[in-house]
Amino acid sequence: MTSETATAAGSGRNATETFQKKARDAAGTVDTARVDAVARDALSALHDVIRRHRLTYAEYDALKAWLIRVGQDGEWPLFLDVFIEHVVEDVANADRKGAVGSIEGPYYVSGGPEFTGEGTLPMRDDEAGTPFLFQGTVTDLDGTPIDGAVVDFWQADDAGYYSQFAPGIPEWNLRGVCRTAADGTFKIHTIKPAPYMIPHDGATGALIEAAGWHPWRPAHLHLKVSAPGKQLITSQLYFEGGEYVGDDVAQAVKPDLVLHPVPAESGTGEQVTYDFALDPA
Ligand code: DHB
Ligand code: FE
């Protein structure tokens with residue numbers, strides 16, 4: 001046991017640090033015309049909301065206080081990835097012909113333990129959850145299998161917590177990088193995660209409660225699939241019939257991303273086959 005408990009602020013702080021290290025697309029020049037167009041429209045959309053709802057000074061001050069608190073709680077990565085990222089993902093992947101994408105969320109870490117063809121994700125001896133075999137083939141758009149494609153995989157545990165973001169979980173628990181075998185196949189042995197509750201002890205939870213929304217995401221697996229000369233796809237997979245599959249707070253479920261697991265051939269747990277076709281780069 002650890003004396004620390006998982007909190008939104010704790011997971012949020014770690015997610016903020018991880019994001020800052022990644023410094024995604026931070027370099028580069030500012031295109032003044034682009035900033036003008038996007039910032040102008042964003043502000044104008046907000047102005048319109050204020051007029052339409054006749055926002056009061058009390059409500060404006062509550063908004064200011066809440067925005068300050070999101071930063072203090074370290075929850076900008078969580079908030080943005082839950083409520084905004086799904087539209088960015090839709091736009092980014094609109095022209096793909098192959099595998100369907102979904103949001104990355106705040107809990108990806110590169111550099112997970114690697115294996116080729118088949119392997120078991122690092123997990124605790126007493127890891128809770130139904131044993132689960134996730135397998136498939138990575139191909140190009142014509143269906144030709146890709147040898148040495150990378151399936152970078154991460155997921156929450158059975159309590160909804162991610163290693164490296166919640167305390168007391170071994171560093172690489174339920175994370176791993178599987179390279180496909182010569183025939184393009186991968187087999188990842190893991191456990192089925194449980195539905196995930198957006199941390200509710202911080203600013204994001206305060207908004208969800210104040211608005212009468214619910215804080216749940218359906219149980220999901222995360223992955224990034226890539227190969228030389230192909231576009232990397234970031235996606236998530238869900239479980240047929242799972243709670244919140246039809247009502248994800250992050251609006252990141254698509255019909256093509258819902259898995260239909262069957263009893264495992266090994267006799268223990270469940271398995272599913274799901275293939276990825278990669279678009280050319
Ligand atoms: C968040 C958490 C996730 O696991 C995810 O996939 C997307 C968003 C979040 O807490 O913001
Ligand atoms: Fe997640």
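Rules used in this analysis
- Residues numbered from 1 in each chain as written.
- Chains lettered and ligands numbered in written order.
- Predicted model: local features only at pLDDT ≥ 70, side-chain atom pairs only at ≥ 80, totals over all residues.
- Heavy atoms only, no water.
- Salt bridge = Lys/Arg side-chain N within 4 Å of Asp/Glu carboxyl O.
- Helix = DSSP H or I, 4+ residues; strand = E, 2+ residues; numbered from the N terminus.
- Buried < 20%, exposed > 50% of the residue type's maximum accessible area, 1.4 Å probe, protein only.
- Donors = N, O, S within 2.8 Å, 3.2 Å for Na, K, Ca; no water.

Undergrad: Got a sec to walk through the pattern of salt bridges? Specific residues and values, please.
TA: One pass over the full model with this rule turns up eleven salt bridges. In this structure, the salt-bridge partner of K224 is E104, at a minimum N-O distance of 2.8 Å. One end of the pair, K224, is in strand 9 (residues 220-226); the other, E104, is in the loop between helix 5 (85-92) and strand 1 (114-116), and 120 residues separate them in sequence. For E114, the salt bridge identified is with R179, shortest N-O distance 3.5 Å. Linking E114 in strand 1 with R179 in strand 5 (residues 175-179), this pair joins segments that are 65 residues apart in sequence. By relative accessible area, E114 is classed as exposed at 55%. Ionic contacts of the salt-bridge type, sharing partners, join the residues E89, D90 and K254 into one network.

Undergrad: Help me get a handle on the coordination of the iron ion (ligand 2), residues and values and all.
TA: Surrounding the iron ion (ligand 2) are the protein donor atoms Y162 (OH), H220 (NE2) and H222 (NE2), which sit 1.9 to 2.1 Å from the metal. Counting along the primary sequence, the residues that act as donors to the iron ion (ligand 2) give the motif Y-x57-H-x1-H. Here H222 lies in strand 9 and Y162 lies in the loop between strand 4 (150-155) and strand 5, a separation of 60 residues in the sequence. Of the residues examined, Y162 reaches a relative accessible area of 3% and is grouped as buried.

By themselves, these observations are geometric and do not establish any function.
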